[in-house]
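For reference, the chains in residue letters:
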Amino acid sequence: MSCGLVEDAMRVFVLTRCPKDAALHNAVLSGCVENGWFSDAFTMLRRHSMELDGVSLTSALTACAATANLAYGMQLHCKALRGEFDSDTILCNALIDMYAKCGRATSARIVFNRMATRNVVSWSSMIDAYSRHGHGVDALDLFKLMEKAAPMVLPNAITFLALLSACAHTGLVDEAQSMLHLMKSKYGIDPQPEHYACLIDMLGRTGRIDEAWDLYCSLTASRNKSSSAICVAMLNACRANMDAVRGKKVAVRMLEVDPRNPRIHVLISNFHAAMRQWSESNESRRIIVDEGLRKEAASSHVCFG
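The protein chain is annotated in an unreviewed UniProt entry as Pentacotripeptide-repeat region of PRORP domain-containing protein from Sorghum bicolor.

1. Let's talk about the layout of surface pockets
Looking at the largest pocket, its volume works out to about 260 Å³. Lining the largest pocket are 14 residues, with Asn93, Ala94, Asp97, Val121 and Ser125 sitting closest to its centre. Mapped onto the lining of the largest pocket, the elements with two or more residues apiece are α4 (54-67), α6 (89-101) and α8 (120-132). When residues in the lining of the largest pocket are grouped by element, the largest group, five residues, is from α8. A class-by-class count of the residues in the lining of the largest pocket yields six nonpolar, six polar and two charged. Composition of the lining of the largest pocket by domain shows at least three residues from each of domain 1 (1-116) and domain 2 (119-133 + 141-186).

2. Observations regarding the side chain of Thr89
Within the secondary structure, Thr89 is located in helix α6. A distance of 3.2 Å separates a polar atom in the side chain of Thr89 from the backbone oxygen of Thr117. Dropping the residues within four chain positions of it, Thr89 is found in contact with Met115, Thr117, Asn119 and Ser122.

3. Quick word on helix α5 (residues 70-82)
Its 13 residues give α5 an end-to-end C-alpha distance of 18 Å, which sits within 8% of 18 Å, the value for a rise of 1.5 Å per residue. Every buried residue belonging to α5 is among Leu70, Tyr72, Gly73, Leu76, His77 and Ala80, and all of these are buried. Projected down its long axis, α5 shows its buried positions confined to an angular sector of 160 degrees, all on one face. Elements that come into contact with the buried residues of α5 comprise α3 (38-47), α4, α6 and α7 (105-114). Sitting at the head of α5, Asn69 places a side-chain oxygen 3.1 Å from the backbone nitrogen of Tyr72. Once α5 ends, the next one or two residues include Glu84, with phi positive near 60 degrees.

Reading guide: rules and limits
- Residues numbered from 1 in each chain as written.
- Predicted model: local features only at pLDDT ≥ 70, side-chain atom pairs only at ≥ 80, totals over all residues.
- Heavy atoms only, no water.
- 1 Å grid on protein atoms, 1.4 Å probe; cavity = no way out; pocket = protein on both sides within 12 Å on 5 of 7 lines; lining within 4 Å.
- Points joined across faces, edges and corners; volume = space filled by probe spheres on them.
- Helix = DSSP H or I, 4+ residues; strand = E, 2+ residues; numbered from the N terminus.
- Nonpolar A, V, L, I, M, F, W, Y, C, P; charged D, E, K, R; others polar.
- Domains from an automatic or database assignment.
- Polar contact = N/O pair within 3.5 Å; in protein donor to acceptor, adjacent residues only side chain to side chain.
- Contact = heavy atoms within 4.5 Å.
- Expected span 1.5 Å × (residues − 1).
- Buried < 20%, exposed > 50% of the residue type's maximum accessible area, 1.4 Å probe, protein only.
- Arc of directions from axis to C-beta.

Here it is, written out as structure tokens:
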């Protein structure tokens, strides 16, 4: 499973004649989930529902979160309550994530409030749940509670990324800048490119293009901070503010960083199209065809019933 050979692993599992214990079931189930074989994971759960324990329930909830399968996720929550697994912190974290990704932020908070023990994943997951649903103020309020929690739980880079995302979804730019400063000054966490990209995107969406540009320039001057994510965020900011001059400079930088990435060429083409620079837009599309670059097709999960 760890090598991605799911079919071979499933074949071995089916042909195994010795008694299949919980550890073997959990290994196959978690392998299916980790490799995106959600349909097979649900099939296993239906066939072996009596073997469910805390580990298998956690894997199953992860599959429900990935496919937004709320109905089955709620059934698993009931199984966890009947089996008295609801005191398991890891399982409760999976429940929070499942409810958040299925659009039930309130249900996620109920699970969070009832947890006996919360770790950094618990707090980060709940903050992310508020972020997904545009509740930026609630996310910030929860972070304040996290700072006062006993026993003390220290936030990590993922916590702050969820906070920045929450601020972005509700236009809380000043609060986001404060969070970025706080993670460095108080917690000694070095912001990664994804943190800066989130802030640049936020500044661009709120019309503060000059601030976004200054931050972008300071980051690209350092090799350690420069990344395609930051360039993409800046290009989108230029597009949102119809800044063709700066956008062209960012596009050149993007092609220097990752010239063989078809997604980059598509973004640049779309930028030029937004600027009504049709020849430049067509040129970017032509390069994709001439170079034989292939963009990975998007996919979605739809749950019926």
